Amino acid sequence: MINSLLERKIEKRPDKVRLQGRILFLTEDPELIKRQLAGEDLPWDTKHPENNPKLRDDISTDEITPAHYCFYFDETLGEIPYAGLKCGSVMPIGRGDVKRGGFVCAVSGKRRGKGSSREQSPYAEMCAGIKVVIAENIERIYKQNCQNLGVLTSTDFSLIDKIRRGEEIALSEFTDGEDEITRQVIEYGGLFPFNVVRMQKRVFLPPVKTGKRPMTLAEKIFARHMKNETGEAGVAAVKPGDTGFAQADLRFSHEYVTPMAAIFFERYVGKDAKVNDASSIIFFRDHLTFLDEVISEEKKKLGLLDLATQLKLKQQDFAAKQGIKLHGELKDRKGSEGICHSIVLESYALPGQLNIGSDSHTPHVGAIGCVAFGIGTTDVFNSWITKDVRVRVPESVRVVIRGKRHENVTAKDFILKILSLDYVRSGKALAKVMEYAGEAVEELSVDERATMTNMAAEIGGFTGIVAPDKKAVDFLVERRGMDRKKAEGMIEGLYSDPGAQYAHVIELDATEITPMVATPGDPGNGKYVRELNTPVPIEIAYGGTCTAGKNEDMDMYAAVLADALKQGKRVADSVKFYIQFGSQETREYCVRKGYLDVFQRAGAHVIEPSCGACINAGPGVSTRPDQVVISAQNRNFPGRSGPGQMYLASPYTVAASAVAGYIVEYEPSERRELVGA
């Protein structure tokens, strides 16, 4: 494999680019988009932006490529960019519209590409003819995926005039302000060609020469893993902005991404090539296990269910060929072994590690003090070659939550509160490490901490992390059977130094936070339940996913339902309440605790592990636009879990609302004994 790459000829792209084609402005007004698709070029005043129509903010990757279209893993994706884009209540862009329109550039507002790490989104844009993306600010993973594929990105709106006039644009317009490695990735047209010339020693890799300094926890872990001038892992210190390649302890991917990465690997490296160190790679079949129960007849006729099956088979074949561990489907019943993040936390991740995964919620395992972050398809398949990942050391934001939380408040309420802050909503936290601290965080279990690190993805952060402490040690001893002294040794030195520098510090008082919901459309739409002006009746309640399918989440569902049963109540007749385990380990925990009986007697529907409803691929999805759902999952972007109106909330709030029939706070009874405990 290496020899063939060492002999491969790779050239830089030209130092000037001419973008010949139209510009698509993704506006809030659907009629303006329809007019562009019909052939009209919108006037755009780059000197007086106040005169222009409002651009859509917060365009998620779910809107660029809705989940079911990600079953495609080839150029067919070029037919569907922006198929899920919602402007008001209208989705103005149909299949093939962008490709037919002759567009080379797409323009939008703040936080473009938020949400999932799916590289299918920029790949779909690229296959439709989009060569450059312009936005006010761009989410980290989406931007890196664009760069890895060779799609140009910019926040400079003056480029609009140059593109319109058909002028040559210096490639430096797209590399200015980027670090040395990113500049070269762009110049070589993508990550893979850059990595080939890196192996050929034809590129400049700036050495990390930062001297000893007080470091944050994340910076300490990066310093341990950044490759030095000899190619080994480990440098004396790092600071924000340092760039290089970090050696990964663990690399994982799931069936949404593995097949596309495998095709790239076989196409660009070789069909018989072997991955680098298969023992540190893990595959998961966790996203589409229940798809056949909810996919529409229309989508079946399009062949999408068959395509989803092909994803599974391609991953199985590649895993067998490469000798890679695959956590797959159950043999004796429908479901999976578990969601990737759940299993990685329960069985693999260790304090101080650097882990990468093909999913934006990879930061989940930051709950035990490791740096873990999501990457796209090209990063995945390149890591199979190099065992490392391109990194620009990010700044850190310290989130300190002081005081004692209320009995009915959870980590989910904390994170919904953080997501509602102007600092986060404006995009200032993008690509930063979210370091959670303070008495209220220290009091949380590892399961609860994982809710906060997991949802660093919704913040748009690089990752989320909590300094490992006695609770992390207890987790490793009790859940993994690890020797206590070994676990204690692992966490030594894993804390932020006094004097470590932060881009920003957020301070919150836990006593001021009451149960939260995020209203439909965005996880950042947080408000207190008690601020809802009128009762909000619900038809579906959903408890599950990586964020809310852990052991302690099950404790919460069971506590509420046990309380209800004591009072002679159960799930409201008007509501379907689904509880889905994150892993088989959590299911077994529920069996031991007697929770399955509680769930059944209270009228909840129990589902085996899978991502399921969170990605519109399992029981619990909405089927009508007017249907109201309350969910403990992590995202409520338009269309992500069906066409309905989704509120996000904690496991307590979801379960209490399922019993009440409308959104309510959970009010614990005086006795908190769980039935069957």
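Heads up: these notes are all about the structure in this document. Each chain carries its own residue numbering, running from 1 in the written order of its sequence. Given that this is a predicted model, residues contribute local features only at a pLDDT of at least 70 and side-chain atom pairs are listed and counted only at 80 or more, while totals for whole chains, interfaces and linings are drawn from all residues. Processing note: side-chain calculations cover all non-hydrogen atoms of the structure and skip hydrogens and water entirely.

1. A few points about the overall build of the protein
Alright, step 1. A count of helical and extended segments in the protein gives 28 helices and 24 strands.
Alright, step 2. Scaling as 2.2 N^0.38, a compact globule of 677 residues should have a C-alpha radius of gyration of about 26 Å, and the protein matches this with 24 Å.
Alright, step 3. Each of the three principal axes of the protein carries a C-alpha extent, and together these read 75 × 60 × 50 Å.
Alright, step 4. In this description, contact between two residues means that some pair of their heavy atoms is separated by no more than 4.5 Å. Taking the intrachain contacts of the protein between residues at least 6 apart in sequence as the baseline, contacts between residues at least 24 apart amount to 75%.
Alright, step 5. The Shrake-Rupley method, run with a 1.4 Å probe, gives the accessible areas here. Residue values count only the displayed protein chains as cover. Roughly 24600 Å² of accessible area belongs to the protein as shown, and the carbon and sulfur atoms make up 48% of that amount.
Alright, step 6. Counted as positive: Lys and Arg. Counted as negative: Asp and Glu, with His and the chain ends omitted from the count. Charge positions come from single atoms, namely NZ of Lys, CZ of Arg, CG of Asp or CD of Glu. For the protein, the centre of its 89 positive side-chain charges and the centre of its 93 negative side-chain charges are spaced 2 Å apart. Segments assigned H or I by DSSP are reported as helices when at least four residues long, segments assigned E as strands when at least two residues long, and all are numbered from the N terminus. Restricting the calculation to C-alpha atoms gives the radius of gyration, and the globule rule supplies 2.2 Å times the number of residues raised to the power 0.38.

2. Overview of the pairing of strand 20 (residues 540-543)
The two faces of the sheet receive side chains in turn, since in a regular strand these alternate between them.
Alright, step 1. Accessible area is worked out with a 1.4 Å probe on protein chains only. A residue is then buried under 20% of its type maximum, exposed over 50%, and partly exposed in between. The side-chain alternation of strand 20 yields two buried faces, one formed by Ile540 and Tyr542 and the other by Ala541 and Gly543.
Alright, step 2. Here strand 20 runs beside strand 21 (residues 576-580); their pairing, made up of four bridges, is parallel. For Tyr542, the partnering residue across the bridge sits in strand 21 and is Tyr578.
Alright, step 3. Here, any two strands with at least 2 DSSP bridges between them count as paired. Pairing geometry for strand 20 and strand 23 (residues 628-631), over three bridges, is parallel.

3. Thoughts on the sheet that holds strand 19 (residues 526-528)
Alright, step 1. Taken together, the seven strands give an open sheet; going across it, the order is 19-18-24-23-20-21-22, and neighbouring strands pair in mixed fashion. A single partner strand is all that each edge strand has here, and the edge strands are strand 19 and strand 22 (605-607). Direction aside, the axes of adjacent strands within the sheet are offset by 25° on average.
Alright, step 2. Summarising the sheet, strand 18 (residues 516-518) and strand 19 pair through three bridges and their orientation is antiparallel. Bridge pairing links Met516 to Tyr528 in strand 19.
Alright, step 3. Between N-to-C directions, angles cover 0 to 180 degrees, with each direction set by a line fitted to C-alpha atoms, over the stretch in contact for helices. Across the sheet, helix 25 (residues 551-566) touches strand 20 and strand 21, and the angle it forms with strand 21 is around 145°.

4. Thoughts on the pairing of strand 2 (residues 22-25)
Alright, step 1. Side chains of strand 2 alternate between two faces, with Arg22 and Leu24 and Ile23 and Phe25 buried alike.
Alright, step 2. Bridge analysis of strand 2 against strand 3 (residues 103-107) gives four bridges, and the strand direction is parallel. In the sheet register, Phe25 faces strand 3, and the bridge partner there is Val107.

5. Thoughts on the pattern of salt bridges
Alright, step 1. Each salt bridge in this description consists of a side-chain nitrogen of Lys or Arg and a carboxyl oxygen of Asp or Glu lying within 4 Å of one another. With the rule as written, the count across this model stands at 54 salt bridges.
Alright, step 2. The salt bridge partner of Glu173 is Lys162, with a shortest N-O separation of 2.7 Å. With Glu173 in helix 8 (residues 172-175) and Lys162 in helix 7 (residues 159-164), the pair connects residues that are 11 residues apart, well separated along the chain.
Alright, step 3. On the accessibility criterion, Glu173 (28% relative accessible area) is partly exposed.
Alright, step 4. The exposure class assigned to Lys162 is partly exposed, which follows from its relative accessible area of 23%.

6. Examining the nonpolar core
The nonpolar side chains of soluble globular proteins are, as a tendency, buried together.
Alright, step 1. Among the nonpolar cores identified, the biggest contains 81 residues, and Phe222, Phe373 and Trp384 are the most heavily contacted of them.
Alright, step 2. Only buried residues count toward a nonpolar core. Its members are Ala, Val, Leu, Ile, Met, Phe, Trp, Tyr and Cys residues joined through side-chain atoms within 4.5 Å. One finds Ala559, Ala572, Cys590 and Tyr647 within the second-largest nonpolar core, a separate group that totals 43 residues.

7. Examining the packing of helix 25 against helix 27 (residues 595-602)
Alright, step 1. Orientation of helix 25 relative to helix 27, taken along the N-to-C sense of each, is 50°, at an axis distance of 9 Å. Here helix 25 lies oblique to helix 27, going by the angle between them. Between helix 25 and helix 27 the crossing geometry is left-handed. Touching Met554, Asp555, Tyr557, Ala558, Leu561, Ala562 and Leu565 of helix 25 are Tyr595, Val598, Phe599, Arg601 and Ala602, all from helix 27. Angle categories: roughly parallel below 35 degrees, roughly antiparallel above 145, roughly perpendicular from 65 to 115, and oblique for all the rest. Definitions for this section: a left-handed crossing has its near helix turned counterclockwise from the far helix by less than a right angle. A right-handed crossing has that turn clockwise.

8. A short note on the sheet that holds strand 17 (residues 504-509)
Alright, step 1. Spatially, 16-15-14-17 is the arrangement adopted by the four strands of the open sheet, whose pairing is parallel. Looking at strand neighbours, the two that pair on one side only are strand 16 (463-466) and strand 17, the edges of this open sheet. Taken pair by pair, the neighbouring strands of this sheet meet at an average axis angle of 20°, ignoring direction.
Alright, step 2. Bridge analysis of strand 15 (residues 433-437) against strand 16 gives four bridges, and the strand direction is parallel. Looking across to strand 16, one finds that Val433 is bridged to Thr463.
Alright, step 3. Taken strand by strand, helix 17 (residues 411-419) contacts strand 14 (396-402), strand 15 and strand 17, and its axis lies near 130° from that of strand 14.

9. Examining the environment of Leu171
Alright, step 1. Looking at where Leu171 falls in the secondary structure, it is placed in the loop between strand 6 (168-170) and helix 8.
Alright, step 2. The sequence separation of Leu171 and Pro468 amounts to 297 residues, and the corresponding C-alpha distance is 44 Å.
Alright, step 3. Excluding residues that lie within four positions of it along the chain, Leu171 makes contacts with Arg13, Pro14, Asp15, Lys16, Val17, Leu152, Ile186 and Glu187.

10. What about the packing of aromatic side chains?
Alright, step 1. Classification of ring pairs rests on two measures: the distance between centres of Phe, Tyr or Trp rings, Trp counted by its six-membered ring, which must be within 6.5 Å, and the angle between planes, read as stacked under 30 degrees, edge-to-face over 60 and tilted in between. The full count for this structure, using the stated rule, is 21 aromatic pairs.
Alright, step 2. Considering the side-chain rings of Tyr268 and Phe381, the 6.1 Å spacing of their centres and the 25° angle between planes classify their relative orientation as stacked. With Tyr268 in helix 12 (residues 258-268) and Phe381 in helix 16 (residues 377-386), the pair connects residues that are 113 residues apart, well separated along the chain.
Alright, step 3. When its relative accessible area of 32% is taken as the criterion, Tyr268 is described as partly exposed.
Alright, step 4. Where Phe283 meets Trp384, the ring centres are 5.9 Å apart and the plane angle is 50°; that geometry is what we call tilted. Linking Phe283 in strand 9 (residues 281-284) with Trp384 in helix 16, this pair joins segments that are 101 residues apart in sequence.
Alright, step 5. Residue classification places Trp384 among the buried residues on the basis of a relative accessible area of 1%.
Alright, step 6. Each residue in the set Tyr123, Phe192, Phe264, Tyr268 and Phe381 is aromatic and connected to the rest through ring pairs, giving one cluster.
Alright, step 7. For a Lys NZ or an Arg CZ to count as sitting over a ring, it must be within 6 Å of the ring centre and within 35 degrees of the ring normal. For Arg198, the ring lying beneath its charged end belongs to Phe245, and the centroid distance is 3.6 Å.
Alright, step 8. The ring of Tyr495 has Lys220 lying over it, and the distance from NZ or CZ to the ring centre is 4.0 Å.

11. Quick notes on unusual backbone geometry
Alright, step 1. In this structure, Asp58 is a non-glycine residue whose phi angle is positive, near 55°.
Alright, step 2. Judged by its relative accessible area of 25%, Asp58 is partly exposed.
Alright, step 3. With a phi angle near 60°, Asp277 is a residue other than glycine that sits in the positive phi range.
Alright, step 4. Structurally, Asp277 can be placed in the loop between helix 12 and strand 9.

12. Brief notes about helix 27
Alright, step 1. Looking only at helix 27, the buried set comprises Tyr595, Val598, Phe599 and Ala602. Projected down its long axis, helix 27 shows its buried positions confined to an angular sector of 95°, all on one face.
Alright, step 2. On its buried face, helix 27 sits against helix 25, strand 21, helix 26 (584-593) and strand 22. The directions from the helix axis to the C-beta atoms form the arc being described.

13. Quick look at helix 12
Alright, step 1. Of all 11 residues in helix 12, eight are buried; the element is thus mostly enclosed.
Alright, step 2. For helix 12, the elements touching its buried residues are helix 5 (120-127), strand 8 (250-254), strand 9, helix 14 (304-322) and helix 16.

14. Side note on the environment of Ser172
Alright, step 1. Among the secondary structure elements, Ser172 is positioned in helix 8.
Alright, step 2. Expressed as a C-alpha distance, the spacing of Ser172 and Arg183, which sit 11 residues apart in the sequence, is 8.5 Å.

15. Notes on the side chain of Ser383
Alright, step 1. Counting through the fold element by element, Ser383 comes out in helix 16.
Alright, step 2. Setting aside anything within four residues of it in sequence, one finds Ser383 in contact with Arg251, Ile356 and Asp388.

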